[in-house]
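A look at the structure
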Amino acid sequence: ESIDDIIARIIFNKNTLLAHNVGTGKTYIMIASGEELLRMGISSKNLYAVPNNILTQWKDAYNYLYPNSKIKVCYPKDFAPLKRRNTLLDIKNNNYNAIIMAHSSFDSLELSDSVRIKRLEDERAEIIDLNINTTTSANRLKQIEKELEELNSKNISIDDDISFDKLGITRLYVDEAHYYKNV
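Now for a description of the structure that goes with this document. (Residues numbered from 1 in each chain as written. Predicted model: local features only at pLDDT ≥ 70, side-chain atom pairs only at ≥ 80, totals over all residues. Heavy atoms only, no water.)

**Description of the overall build of the chain**
The secondary structure content of the chain amounts to 7 helices and 4 strands. Traced from its N-terminal end to its C-terminal end, the chain shows the element sequence α-α-β-α-β-α-β-α-α-α-β. Each principal axis of the C-alpha distribution contributes one length, and for the chain these read about 55 × 40 × 30 Å. Expressed as a percentage of the 183 residues in the chain, the buried residues total 36%. Sequence-distant contacts in the chain: of pairs separated by 6 or more residues, those separated by 24 or more amount to 71%. Counting every atom, the chain has about 11,300 Å² of accessible surface; 50% of that belongs to carbon and sulfur. Distance from the positive charge centre (24 side chains) to the negative charge centre (26 side chains) of the chain: 3 Å. (Helix = DSSP H or I, 4+ residues; strand = E, 2+ residues; numbered from the N terminus. Buried < 20%, exposed > 50% of the residue type's maximum accessible area, 1.4 Å probe, protein only. Contact = heavy atoms within 4.5 Å. Areas by Shrake-Rupley, 256 points an atom, 1.4 Å probe, with all protein chains shown as cover. Lys, Arg positive; Asp, Glu negative; His and termini not counted. Charge placed at Lys NZ, Arg CZ, Asp CG, Glu CD.)

**Considering the sheet that holds strand β3 (residues 98-102)**
The strand order across the open sheet built from 4 strands is β2-β3-β1-β4, with neighbouring strands paired in parallel fashion. The open sheet has two free edges, formed respectively by β2 (71-74) and β4 (171-174), since each of these has just one partner strand. When the angles between neighbouring strand axes are averaged without regard to direction, this sheet yields 15 degrees. The strands touched by helix α2 (residues 26-39) are β1 (46-50) and β4; relative to β1, the strand with the most contacts, the crossing angle is about 165 degrees. (Pairing = 2+ DSSP bridges. Axes fitted to C-alpha atoms, helices over the stretch in contact; angles between N-to-C directions.)

**Here we look at the side chain of S105**
Considering the arrangement of structural elements, one finds S105 in helix α5 (residues 103-107). S105 has contacts with C74, Y75, P76 and F79, leaving out every residue within four places of it along the chain.

**Things to note about the nonpolar core**
Ranked by internal contacts, the top residues of the largest apolar core, which has 22 residues, are Y48, W58, Y62 and I100. Listing elements by their share of this core, those giving two or more residues are α1 (3-12), α2, β1, α3 (55-65), β2 and β3. No other element matches the 5 residues that α2 contributes to this core. Among all residues touching Y48, those that are not within four sequence positions of it are M30, I31, G34, E35, W58, Y62, A98, I99, I100, M101 and Y173. Grouped together as the second largest cluster of nonpolar side chains are 15 residues, L47, L88, F106 and L109 included. (Core = buried A, V, L, I, M, F, W, Y, C linked by side-chain atoms within 4.5 Å.)

In structure tokens:
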């Protein structure tokens, strides 16, 4: 399969796994497909979550391939408590072609309370609709009710406006996705 074919597959599919061998150009493919999605107007802001130890390598590759692209590189230090909010506001309020972020930073992003409530309500409805009468499903329903009660009773978080779903990310690329296979 050629690089052009792989990029086309990424463009035409919502989810694509690049399970190619080391040294086959996966980084280039992810960067080029992201830029192509931007050019075509399919995406408006791409996030690349990459292992902490190759963050600079990714920045260099991106700058080499697309030197005129507006990119933001988020180092773990940018997610320190005193910098986190400003970093997220910068991502939210600017039109970057790419945000390159360390896995540790990506892992710290949260969904807004409204999205979490919707997911819990959907899960509850699915369990009820399937009419599963097991101890496990009963326990899960109790856990869902407890989580919903906690979310509905708390005040909106000051950071809710900068949760992951409010950042404007339209495409997510995860380098070394096998780290997330059981998430």
